[in-house]
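Working through the structure, step by step
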Amino acid sequence: MSEEEKLLKDAKKLPWEDRLLHKNWKVRNEANIDLASVCDSITDPKDSRLRDFGPLFKKTVTDSNAPVQEKALDALIAFLRAADADAARYAKEICDAIVSKCLTGRPKTVEKAQAAFMLWVELEAVDAFLDAMEKGIKNKVAKAVVPAVDVMFQALSDFGAKIVPPKRILKMLPELFDHQDQNVRASSKGLTLELCRWIGKDPVKSILFEKMRDTMKKELEAELVNVTGTAKPSRKIRSEQDKEPEQEAMSEVVGPVPTAESSTDAPPEIDEYELVDPVDILTPLEKSGFWDGVKATKWSERKDAVAELTKFASTKRIAPGDFTEVCRTLKKLITDVNIAVAVEAIQAIGNLASGLRLHFSGSSRFLLPVLLEKLKEKKPTLMESLTQTLQAMHRAGCLNLVDIVEDVRTATKNKVPLVRSLTLNWVTFCTETSNKAVVLKVHKDYVPIFMECLNDMTPEVRDAAFSALAAIAKLVGMRPLERSLEKLDDVRRKKLSEMIMGHEVVPVQTSGGSVPSLEASEGAFVRKSAASMLTGKRPVQAAPVIKKGGSIKSGANKKSDGTGQLKSSKTIEAPEDVEPAEMGLEEIERRLGSLLQLEIISQLKSTIWKERLEAISLLKQQVEGLQELDQSVEILIRLLCALPGWSEKNVQVQQQVIEVITYIASTVTKFPKKCVVLCLLGISERVADIKTRAHAMKCLTTFCEAVGPGFIFERIYKIMKEHKNPKVLSEGIVWMVSAVEDFGVSHLKLKDLIDFCKETGLQSSAAATRNATIKLLGVVHKFVGPDIKGFLADVKPALLSALDTEYEKNPFEGASAVPKKTVRASESNLSVTVGGLDSLPREDISGKITPTLLKSLESPDWKVRLESIEAVTKILEEANKRIQPTGTVELFGALRGRLSDSNKNLVMATLTTIGSVATAMGPAVEKSSKGILSDVLKCLGDNKKHMRECTLNALDSWLGAVHLDKMVPCITLALTDTKLGAEGRKDLFDWLSKQLAGVSDFSDAVYLLKPACSAMTDKSSDVRKAAETCINEILRVSGQETIEKILKDMHGPALALVVERLKPYGAFQESFESAKVMSVGPTSKSSSRVGKSTSNGVMKHGNRTMPSRAIVTKGSKTESVTSVQDIAVQSHALFYVKDSNKEDRERMVVRRFKFEEPRLEQIQDLENDMMRYLREDLHRRLLSTDFKKQVEGLEMLQKALPSLAKEIIEVLDVLLRWFVLQFCKSNTTCLLKVLEFLPELFDTLKDEAYSLTESEAAIFLPCLIEKSGHNIEKVREKMRELTKQIVTICSASKSFPYILEGLRSKNNRTRIECVDLVGFIIDHHGAEISGQLKSLQIVASLTAERDGEIRKAALNTLALGYKILGEDIWRYVGKLTDAQKSMLDDRFKWKVREMEKKKEGRPGEARAALRRSVRENSSDVAEQSGEVSRSVSGPIYSSYRKNYGHSELQMDRQLVPQSLAGVNGPTDWNEALDIISFGSPEQSVEGMKVVCHELAQATSDPDGSAMDELVKDSDRLVSCLANKVAKTFDFSLTGASSRSCKYVLNTLMQTFQNKRLAHAVKESTLDSLITELLLWLLDERVPHMDDGSQLLKALNVLMLKILDNADRTSSFVVLINLLRPLDPSRWPSLASNESFASRNQKFSDLVVKCLIKLTKVLQSTIYEVDLDRILQSIHLYLQDLGMEEIRRRAGADDKPLRMVKTVLHELVKLRGAAIKGHLSMVPIDMKPQPIILAYIDLNLETLAAARMLTSSGPGGQTHWGDSVANNPSSGTHSADAQLKQELAAIFKKIGDKQTCTIGLYELYRITQLYPKVDIFSQLQNASEAFRTYIRDGLAQMEKNAAAGRTPASLPMPTPPPVALTISSPDFTPLSPVHTNALNDAKSLNVKSDPTNFNLPPSYSEDSRAINALTSSRGFTSENSLGDQRNERFITGVTSGTLDAIRERMRSMQLAAAAGNPDAGSRPLMSMNDSLNHGFSSQIPHASDRSGAENTVQSGVLPMDEKALSGLQARMERLKSGAIEHL
């Protein structure tokens, strides 16, 4: 054993520390190896040995021996892999040691040091790592700095910004940017780019760029373009790795478990604020003179001072301090008088908020109210700064939504709308930028504020409130807001939902798992260089790819970067290795083996050139003879490069070598790129030699065929640039010229080629090189076109001119430039770019389209917008006007917004920019532009020529980028756009013609044919001319088949025009003629038609336009053409009504009574419509300028009239407009023909039972009336007859307003005719205009005219009126002068005499007689009227919408008097009711006016007799109006005005506003009215009626008024009855999607709402209702349902049933047990028991248990209590004592404000019943005031009773016991029913014998027992109630349950049966047969006790057992029995 081995063996026994620090390096080396293996064997990170090893490494890694140091690092790496985070305690010392000693060592050492650093980061010792790096980058040796930067780069790249804090790295970088070493600067740039990937470009720029030199900035800007996507960590820290095995184990069972990274793919956002250090600004602010400046008097000084603060505060992060005084000062400055100071102060606040963030929150709340108040200013600069500051305050977190609630609430109530709207906009912003939790917390505070703002008067405020609500809904969803939003109406809710839908953004889900990191950490460490990020070494991707298999040589990396751009998705094979490894000659010879003879190789080594030449010749022969050459290619090429090699001097040998290489390259199937690389330098040098040039160039071309020219060019650039021989460059470029000509440019990277030419070729000092380069660029121009010039714009002018000359020699050939040679290599291995037209490189400008730029394009400042547009242009220029579509979608969106800019100059600049973008982007612009072309075309609608020229230039640019067929759809739409003016259409047609002229075949042009043909009917001659030219071009470039197809869809003038144009194309003629015959129907819609004049040189023949030269042709020829056309269309229908939409046309009609001459555009619209709906020959004649043709057209119409009546009705409005046009023309012949035709037309309409619609009347009648004063008598006569015919056929009420307007005409003859027409209408149709008779005052005013004819006509008309109306006419003629009255008087007297002569009776008599006949025949009329109304409300419009409603008017003329305007006195009222009942809806309005007038007068005097009269007629009035509701609504639904509906509802409202009138309405009437109103409230058609929303509101208000004022008992009964399903016949026709069940459900819901309203106030109205009637209706409802149905409905939570139960519960609650005394109408002893009884008992038990029973008020018992039958002493109270107690209770009520009226009424009743009782004796102790109040109150009650206004519903107290002569329970007060008093038994003498038997008395209302048998005093019962609802008293019930009562009654019956059979008694009650279940008990009048005989026979009188149902019947019988016994 040697000494060394012994040393090593002994050393192994030493402790680790001694071994590792041993003086012998081999011992140390072995120790490190052993330590590494021990660490590798440790599996538990908590192993104690690791703690021992940790401190050792700080010395081992600094070993001076390099191999030992490497082994020490290996051991450290093994240690770090075995350890866990506890090892981090040693990190600082070890990392410092590594930095100081390892980073300057051998490459392997550096690599291992970096791997160790990465493991420290993995063990979370990041701070120690970065501390070490801070020292490392300060190393003076640049070689040590680069690895430090690289390892930081790698740590950030692998672990991400979450583990490696960017803030520390950002602090280190600035000093590296200025490092003297180039590699350090490159690495720092790479690290900066990596930071950009993790934290974004903007934060890095803002923090670092200001610390860089400009050159560095530019370089980085260029590199930043390549930084795309978001980065993801590829490696995890150890603690996360430990969790992964658990997850993997779980995933085997459960499935994949998302890791931390996969669940949050997006990296955490790094806040730039956290990356910078805070800056103290208070100290420099003090020094700057801020405090003096802000107090200065000059505004400029104040502004400068604040500007200084703004500047200081603009720093990213401000150090916290005391800013209180600063904020106080700023608060004052916000309100500074100078706007500039205020703006500066506001900006300073915004900067402070951004810099201080949470430290500024208190100050923000202090300043907020002032800022919000300042929003009232309208200055744009101030508004903008305020908005930005407020947003900054929220964004910085100074304010949140919770803090600002009160300030917002105050601001939204500000009187300035701008403050309100901008505050809401700010809150919207805050909401959108807040998180969901905050909004959920505060939305309840904000929503009410926004809801209130929705009702704001200002639209902007409302819109802002909508946006705010939408923002909240978008964040928290609709559910939390539902309750608040229920208050919104449908329109607002719909708008809000649309806004929310518009706001919604679909979340983009990114999926991707985490990259396995164990493999990366445990595998071989891959060293990454930060510099590799630079100069496009590789596209920077979102996630770095981890490569395996060791590092790649940097040189190889650099060389292969050229092909690194290749991306192939198909091939997965590894890329070809192009860098040849070094191989010695011996190795080459060994590999050649037996391939070649050894002699050849030895000869090639010879120094004698001949031998070498001979050898190479032999070699060539052998190579040519080889069969499998492919396998030996590389070795042969290597041999030739070595022997004879490229240093061979002999030319012949050189030539032979090149030929062999060329042969090999051209023969083998795949020539390796390695071989090309081996040969390329030598071949390039051979090209420079003239002797070998041809061979070398041929060889290079062969290489291109083998591997593609792209690879050769990339490699040869560098060789040519760096070679010292200038010939290599110049001749190489000459070869490039030939190569481009041979192969084209499709395989080349043109950017590199052009850069090479610019930087090397054109910059060369050698002329030959420059000339060759110019030739090369010329050849490239041939393939790529003039776009190449954009890349050479910065070349010297002399060279540019030379280039232009070269371009001319090589013109652009485009697609026709086909390469001469092809490449053999497969495409996947080539770097192929898009060839041909778009092969020039395009730059990605997405990095330059920043959010700031896009935002600036939307800036409110036009200068900023202009600068932004110019910035886009500059970006295009920088990209050589060749850009990629990436990222331009947002740019187009922003540019589109500028096309509608208010500044026209900006629009033009935008158009120019859009054109430039299209040119720069090429065909891709179509997909990226988002349809911006349509918006560009809209700019042609501008009236400025310059704007239109800009638009056309943009279109030219667009056409250069995309083909015309892509533009056709947008152009077609633009041509049909009505907003495009005449000039715009003309320019567009001219442009199209110009483009189509350069095309020979373009099938898509046919789509332009329709709009072009439509434009042939344009009113502008220029448009027509341009369209004509365009049509010629379209027909030229479109194919025959295409045109034939399109002709089938064309009609009318367009078809004729196309046929005319196609006549030169004779071959097509026949097919076109057949197509023309086939065409039927109207022409396509066009906006206008050719004008009538022929001044433009175009003459019209039908709908063909012919050149002016056609005018000279003979008339016979023209006629023949016309006749041929007529024959062609004879077979078609005369009218095209299929596409007619009369409703749409009528909506366009402006309804005026006054006539206006037709305007030009109206005439053009008429011509269009006539062409559309009338056959060609007919409309050609009617629109002809020749009146003879027009007469022919009218004759055609006359012939067609009987057979085509329905079609004529459909186009009647069009024909009437044409008749109006003829009335306005001067040709009498045509006019007379029209007047001959019109009576026939109206007779036909009459036969069809059609009446003119409102729109048709508005079209025709104004003109007819105005022209009726024609100067030709014959025409006037015809017009007069025609007008009378129209009035007769149609409604006189419809015509009358137009005739009245004629009375105001300027034409005297017209006025005379109209006056006569008024007389005619009064005489023949007076009933129809009865409501418009006040207009007679216009006629009366004409009696003062100078013109005698007018005066005469007016007097005649008024005389006719006098004949009809009698003396009533004076009411309608208005105020007249004495002279006028005298004239009228004379004329009236004359009329009376004339009537006497003719025996026509007296004036006005006929009218009165007719009115009487109407009333007599009212039932018949009502019946007929009902039928008519049903016909009106039914489907009265057929498909041609006939107005059949006027059959009703015909009936009215027969049945209703000629005039029903009332005369004085009550007949007015009755007449009005007649009109309402039997008149048409329009006529009934006049009746309702009278009714409203009478109601108003009567209401003004409520105590007058007029009101009493109206009360009697109230029910009849409401009945009339209830029937009228349906008629008026049905009438309005046909399209008529809603005037009559409004009147009906208003009249009902006035009626029900008066309580007396409302109370007088009967139950049956109320039933029909309420049903009708509820049905119309539910009708879905009502909102769509005229003023539908107002009608709905009126219906609602009226319903509420009815519930308030109508008799509440009736209301309850009606509504409870309506809870049952409604009869289907009551409903209008069902909607297609709704069933009767769903409608009944809605109806029931409405009824329930009404009942809820009544029930809510039941406590205060309990004494106004008849509880018996209500309980009866509840009983009937429940019995109808039955128990089974009730159980079923209760389970289904049925609303109607629940409502009935609620009403019953409320009644029981209010009345307590006394409710059982109101069951008089319920058969309580029926079997089974009535359901209501069970519910009453249940409610009593429940309420008693809950102690909720209300003590029964003045009229009822608190409870039934215990029976007092066993207490005989209870009946011993004296009557006087009882009376006193009764009075005391009443006085107590009078003293209470709530019950004083009831108390007074009860007191009044007692005074009536007991006149002898002195009530004032009870008031001796009361004050005089109280006694006076009582006295006055009684007097008032007496007065009310006398007037019949007794509050019948008030309950009565228990009558005193003296009134009774029998023993009975005391009376329970009950509400009234409809009964009449019984007057048949005025008195009854009864004997009283109290000793026979004793009935148990019940409690009175104050629970005191009454002895009913002790008194002998009698009284008279008188009917003191004047109302129809008379008070009645029925006997009450005793205490106990119903069963106990029945038992008690049975005992009473037995006792009665045992009594005296002789004694008789008269029953005490009778039934009123006229009303259902109405009972009235009559209290007997007892005589003196002298004992008068009873005249009634003994025994009980016979009674109807069923009628006397319930408890009362039983009690009455008992009473009868008791009296009989007595």
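These numbers were taken from a predicted model, which means no experiment stands behind them. (Residues numbered from 1 in each chain as written. Predicted model: local features only at pLDDT ≥ 70, side-chain atom pairs only at ≥ 80, totals over all residues. Heavy atoms only, no water.)

**Some thoughts on the overall build of the protein chain**
The secondary structure content of the protein chain amounts to 94 helices and 4 strands. The buried share of the protein chain, taken over its 2022 residues, is 51%. Sequence-distant contacts in the protein chain: of pairs separated by 6 or more residues, those separated by 24 or more amount to 77%. If you sum the accessible surface of the protein chain, you get close to 94100 Å²; carbon and sulfur atoms cover 51% of it. (Helix = DSSP H or I, 4+ residues; strand = E, 2+ residues; numbered from the N terminus. Buried < 20%, exposed > 50% of the residue type's maximum accessible area, 1.4 Å probe, protein only. Contact = heavy atoms within 4.5 Å. Areas by Shrake-Rupley, 256 points an atom, 1.4 Å probe, with all protein chains shown as cover.)

**Looking at helix α66 (residues 1228-1247)**
For α66, which comprises 20 residues, the first-to-last C-alpha distance of 29 Å matches the rise-based estimate of 28 Å (1.5 Å per residue) to within 8%. All buried positions along α66 are accounted for by Cys-1230, Leu-1231, Lys-1233, Val-1234, Leu-1235, Phe-1237, Leu-1238, Leu-1241, Phe-1242, Thr-1244 and Leu-1245. For α66, the elements touching its buried residues are α63 (1187-1200), α64 (1205-1210), α65 (1212-1223), α67 (1254-1267) and α68 (1273-1289). Capping of α66 at its N-terminal end is provided by Asn-1227; its side-chain oxygen lies 3.1 Å from the backbone amide nitrogen of Thr-1229. Downstream of α66 by a residue or two, Ala-1249 has a phi angle that is positive, lying close to 55°. (Expected span 1.5 Å × (residues − 1). Polar contact = N/O pair within 3.5 Å; in protein donor to acceptor, adjacent residues only side chain to side chain.)

**Some words on the packing of helix α10 (residues 142-159) against helix α12 (residues 182-199)**
Two elements in contact, α10 and α12, have axes whose closest approach is 9 Å; the angle formed by their N-to-C orientations is 10°. Taken as axis vectors, α10 and α12 run roughly parallel relative to one another. Judged by the twist between their axes, the crossing of α10 over α12 is left-handed. Residues Ala-142, Val-145, Val-146, Val-149, Asp-150, Met-152, Phe-153, Leu-156 and Ser-157 of α10 pack against Asn-183, Val-184, Ser-187, Ser-188, Gly-190, Leu-191, Glu-194, Leu-195 and Trp-198 of α12. In terms of residue class, the contact of α10 with α12 is built from 11 nonpolar, 5 polar and 2 charged. (Axes fitted to C-alpha atoms, helices over the stretch in contact; angles between N-to-C directions. Parallel < 35°, antiparallel > 145°, perpendicular 65-115°, else oblique. Left-handed = near helix turned anticlockwise from the far one by under 90°. Nonpolar A, V, L, I, M, F, W, Y, C, P; charged D, E, K, R; others polar.)

**Structural notes on the confidence of the model for the protein chain**
Per-residue confidence for the protein chain averages 75 on the pLDDT scale, and 75% of its residues sit at or above 70. Residue range residues 504-524 is modelled with pLDDT below 50. Its contacts to residues more than four positions away, or to other chains, number 28 contacts. Throughout residues 1417-1467 the model reports pLDDT below 50, and contacts reaching past four residues in sequence, or to other chains, amount to 116 contacts. (pLDDT = per-residue confidence, 0-100.)

**As for the environment of Lys-1381**
Structurally, Lys-1381 is set in helix α73 (residues 1378-1397). The exposure class of Lys-1381 is partly exposed, given its relative accessible area of 39%. Separated by 41 residues in the primary sequence, Lys-1381 and Ala-1340 place their C-alpha atoms 9.5 Å from one another. If sequence neighbours within four positions are ignored, Lys-1381 has contacts with Trp-1370 and Leu-1376.

**With respect to the packing of helix α53 (residues 982-997) against helix α55 (residues 1021-1037)**
Two numbers describe how α53 lies on α55: the axes approach to 8 Å, and their chain directions differ by 25°. Here α53 is positioned roughly parallel relative to α55, judged by the angle of their axes. As α53 runs across α55, the sense of the crossing is left-handed. Contact residues: α53 offers Ala-982, Arg-985, Lys-986, Phe-989, Asp-990, Leu-992, Ser-993, Leu-996 and Ala-997, while α55 offers Asp-1022, Val-1023, Ala-1026, Ala-1027, Thr-1029, Cys-1030, Glu-1033, Ile-1034, Arg-1036 and Val-1037. Residues of the contact of α53 with α55, tallied by class, amount to 11 nonpolar, 2 polar and 6 charged.

**Brief notes about unusual backbone geometry**
In this chain, Leu-643 is followed by Pro-644 through a cis amide linkage whose omega measures -5°. Tracing the backbone through its elements, the reader meets Pro-644 in helix α36 (residues 633-645). Residue Pro-1728 is reached from Lys-1727 by a cis peptide bond, and omega for that bond is -10°. Even without being glycine, Glu-124 reaches a positive phi, approximately 70°. With respect to the element layout, Glu-124 can be found in the loop between α8 (107-122) and α9 (126-136). For Glu-124, a relative accessible area of 41% puts it in the partly exposed group. In the Ramachandran plot, Asn-880 falls in the positive-phi region, its phi being about 55° despite a non-glycine side chain. Within the secondary structure layout, Asn-880 lies in the loop between α46 (862-878) and α47 (889-898).

**Concerning the side chain of Asp-1213**
Note that Asp-1213 resides in helix α65. In terms of polar contacts, Asp-1213 uses its side chain to reach the side chain of Arg-1145, at 2.8 Å. Residue contacts for Asp-1213: discarding those within four places in its chain leaves Lys-1142, Arg-1145, Glu-1256 and Ile-1259.

**Overview of the pattern of salt bridges**
Where charged atoms from two side chains of opposite charge come close, those side chains can pair. According to the stated counting rule, one finds 78 salt bridges in the structure shown. The salt bridge involving Arg-1036 is made with Glu-1033; its shortest N-O contact spans 2.9 Å. Pair noted here: Arg-1036 and Glu-1033 are both in helix α55, with a separation of 3 residues, about one helical turn. Of the residues examined, Arg-1036 reaches a relative accessible area of 35% and is grouped as partly exposed. Between Asp-1169 and Arg-1217 there is a salt bridge, and its shortest N-O distance comes to 3.1 Å. Taken together, the residues Asp-1169 in helix α61 (residues 1160-1173) and Arg-1217 in helix α65 connect sequence positions 48 residues apart. Using a relative accessible area of 21% as the deciding quantity, one classes Arg-1217 as partly exposed. (Salt bridge = Lys/Arg side-chain N within 4 Å of Asp/Glu carboxyl O.)

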